[in-house]
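Structural features, examined
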Amino acid sequence: MRFGGFKTVDAIERKILDAIDARSGELLEFAEDIFRHPETGFHEVRTSGKTAEQFRRLGLSVREGLAVTGVEGRLACTLDSPGAHIAVIGELDGIVCRDHPYADAATGCAHACGHHAQLTAMLGAAIALSDPAVRSALCGEISFLAVPAEEYVPDSTRREVESAYGVKFSGSGKSELIRTGVFDTVDIAMTCHVHMAHSDAGLLLGNVAANGFLSKKIIMHGKASHAAIAPWNGINALNAATSGMNMLGLLRETFPDDEHIRVHGILLKGGDAVNVVPEEVVLEEMIRAGSLNAIKRVCGQVNRVFEGAAHAFGAKAEIRNMPGYLPVIARPADPALIDAAELLKEEVSYECATPSMFNGACTDVGDLSHIMPVVNFTHGGFCGSLHASDFAITDPVRAYIIPAKMMALTAYRLLKDHAAEGRKIISEFTPVFTAEEYIHFIEEMAGA
């Protein structure tokens, strides 16, 4: 039997494709529902509940409350040989984008990054792979993981979830899930996203290298005084902060181009009253770079800039590190991805990631890439810019249905024949960190 005239489809692959096509209407309804009800990181209560409900309908073993709102639907397959444990990942949260036409009126949150498409792809894969005939052809386990808080979590939310829920790695959902052991038995992570690096193809196969980041909350402590009567009796924390920002601008020319360094920030508090010398000024700076060494080095430079500026004015700089995401380690397209894309070639074009591709943004998939192999692809079906008011889905089939088929077909390729392809990926992968080493590293970065 031929599919699209390109590659032979076996009976199980046919069942996978048919299962997703048969329930495509249900998947589109799910996608639209999630799209119209965006929620911010660690607060995805409705989205989490809807996802858990779908998992239960499929007869999966469900765990809820992972890193506050995360959900796992576990599918146990044939266990008569070692097999492999795959985590098929979708992300629950939206991004604050108040100008988006479908932004939540209260929170300003919108699905302007396509995470609702990820969840739909994950659900479509769960539908296909839980079919009894398909399930019997797989060797190992699959965790369908809906994870919270991929988007950057502001300091106020970090403090809230740390206090209310005992979260310790509040920078991202995946980081906290690693810390709490949810990924301990997982061998391979599977992820997808709308295109982040430029691609004219419908599918971009492989994990493109991307920046990591660390954030700093910088509090400049000065001394209040009347701004007109006796400004000389005060210590102007705003002037000290402004000096630091100017120094930071002059420092940028020293950043090597090949390290992809970006340092950018916002002023959270500039003082209390216009006629009072500012006593406390609060900034937040984000340090992005393509390697851990570059992040660490620039972290030290930024510290010296603001500490030096504070010293010059007689102020004091209090600097708190807020660990973000690790850089994404590039991974070429795995054969399982290519085989899956070949089966869909009549419906959608594809290309493979190249070493020259780089994504200047950040994702906590980078944290996973330091611990386990991440089999990833990105897809089209949308227009506009990520995190912007013009982001919109233009082709629901390419945004939702094709990614669901890619996820399911790739998982099947990894777990069929006693998980031969999956076991090969596992045996050839050398992690940067064990889970324990990762935890220690994040704790160290928090105090850097």
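Above this note sits the structure.
Everything in this summary refers to the structure shown in the same document. Keep in mind the model is a prediction, meaning the values are calculated, not measured. (Residues numbered from 1 in each chain as written. Predicted model: local features only at pLDDT ≥ 70, side-chain atom pairs only at ≥ 80, totals over all residues. Heavy atoms only, no water.)

1. Some thoughts on the overall build of the protein
A tally of helices and strands in the protein yields 13 helices and 19 strands. For 448 residues, the compact-globule estimate of 2.2 N^0.38 gives 22 Å, and the C-alpha radius of gyration of the protein, at 24 Å, lies within 12% of that figure. Principal-axis analysis of the C-alpha atoms gives the protein an extent of 85 × 45 × 40 Å. When burial is assessed residue by residue, the protein has 56% of its 448 residues classed as buried. Excluding contacts between residues fewer than 6 apart, the proportion of contacts in the protein whose partners are at least 24 apart in sequence is 78%. Distance from the positive charge centre (39 side chains) to the negative charge centre (57 side chains) of the protein: 1 Å. (Helix = DSSP H or I, 4+ residues; strand = E, 2+ residues; numbered from the N terminus. Rg over C-alpha atoms; globule rule 2.2 N^0.38 Å. Buried < 20%, exposed > 50% of the residue type's maximum accessible area, 1.4 Å probe, protein only. Contact = heavy atoms within 4.5 Å. Lys, Arg positive; Asp, Glu negative; His and termini not counted. Charge placed at Lys NZ, Arg CZ, Asp CG, Glu CD.)

2. Some thoughts on helix α4 (residues 115-129)
With 15 residues, α4 ought to run about 21 Å at 1.5 Å a step, and its terminal C-alpha atoms sit 21 Å apart, in line with that. Most of α4 is tucked away: 15 of the 15 residues are buried. (Expected span 1.5 Å × (residues − 1).)

3. A short note on the side chain of Arg 158
Mapped onto the fold, Arg 158 is located in helix α6 (residues 155-165). Lacking a salt bridge, the buried Arg 158 has Asp 155 as its closest oppositely charged neighbour, with an N-O distance of 5.4 Å. Excluding its chain neighbours within four sequence positions, the residues that come into contact with Arg 158 are Tyr 152, Val 153, Ser 170, Gly 171, Met 322 and Pro 323. (Salt bridge = Lys/Arg side-chain N within 4 Å of Asp/Glu carboxyl O.)

4. Let's talk about the packing of helix α1 (residues 11-22) against α4
A pair of packed helices is captured by two measures, namely the crossing angle of their axes and the spacing between those axes. At a minimum axis distance of 8 Å, the contact between α1 and α4 shows a crossing angle of 125°. Of the possible angle classes, the one that applies to α1 and α4 is oblique. Relative to α4, α1 is oriented so that their crossing is right-handed. On the side of α1, the interface is formed by Ile 16, Ala 19 and Ile 20, while α4 contributes Gly 124, Ile 127, Ala 128 and Leu 129. Looking at side-chain class alone, the contact of α1 with α4 contains six nonpolar, one polar and no charged residues. (Axes fitted to C-alpha atoms, helices over the stretch in contact; angles between N-to-C directions. Parallel < 35°, antiparallel > 145°, perpendicular 65-115°, else oblique. Left-handed = near helix turned anticlockwise from the far one by under 90°. Nonpolar A, V, L, I, M, F, W, Y, C, P; charged D, E, K, R; others polar.)

5. Observations concerning the pattern of salt bridges
Under the definition given, this model contains 27 salt bridges. The partner of Lys 405 in a salt bridge is Asp 21, with the nearest N and O atoms 2.8 Å apart. Pair noted here: Lys 405 is in helix α12 (residues 396-428) and Asp 21 is in helix α1, with a separation of 384 residues, a long-range link. Here Lys 405 falls in the buried class, since its relative accessible area comes to 3%. Between Glu 342 and Lys 345 there is a salt bridge; the shortest N-O distance is 3.6 Å. When salt bridges that share partners are traced, they join Arg 63, Glu 72, Arg 74 and Glu 141 into one network.

6. Remarks on the packing of aromatic side chains
Within this structure, the stated rule accounts for seven aromatic pairs. Here the aromatic rings of Phe 213 and Tyr 325 are separated by 4.8 Å at their centres, their planes lie at 75°, and the arrangement is edge-to-face. Highlighted residues: Phe 213 in strand β11 (residues 209-221) and Tyr 325 in strand β14 (residues 316-325), separated in sequence by 112 residues. Tyr 325 carries the same exposure label as Phe 213, and that label is buried. Aromatic ring contacts, followed pair by pair, group Tyr 152, Phe 213 and Tyr 325 into a single cluster. (Phe/Tyr/Trp six-rings, centres within 6.5 Å; stacked < 30°, edge-to-face > 60°.)

7. Some words on the environment of Ala 128
Positionally, Ala 128 belongs in helix α4. Leave out the neighbours within four places in its chain, and Ala 128 touches Ile 16, Ala 19, Ile 20, Val 134 and Ala 408.

8. Considering the state of the cysteines
Evaluated as defined, the whole model comprises zero disulfides. Not part of a disulfide, Cys 97 finds its nearest cysteine sulfur in Cys 109, a span of 9.4 Å. Cysteine Cys 352 shares no disulfide, and the gap to the nearest cysteine sulfur, in Cys 192, comes to 16 Å. A residue is classified by how much of its surface remains accessible, and Cys 352, at 31% relative accessible area, is partly exposed. (Disulfide = S-S within 2.5 Å.)

9. Some details on the side chain of His 100
Considering the arrangement of structural elements, one finds His 100 in the loop between β6 (95-96) and β7 (109-110). Discounting residues that sit within four places of it in the chain, His 100 has contacts with Phe 35, Ala 110, Ala 112, Ala 388, Ser 389 and Phe 391.

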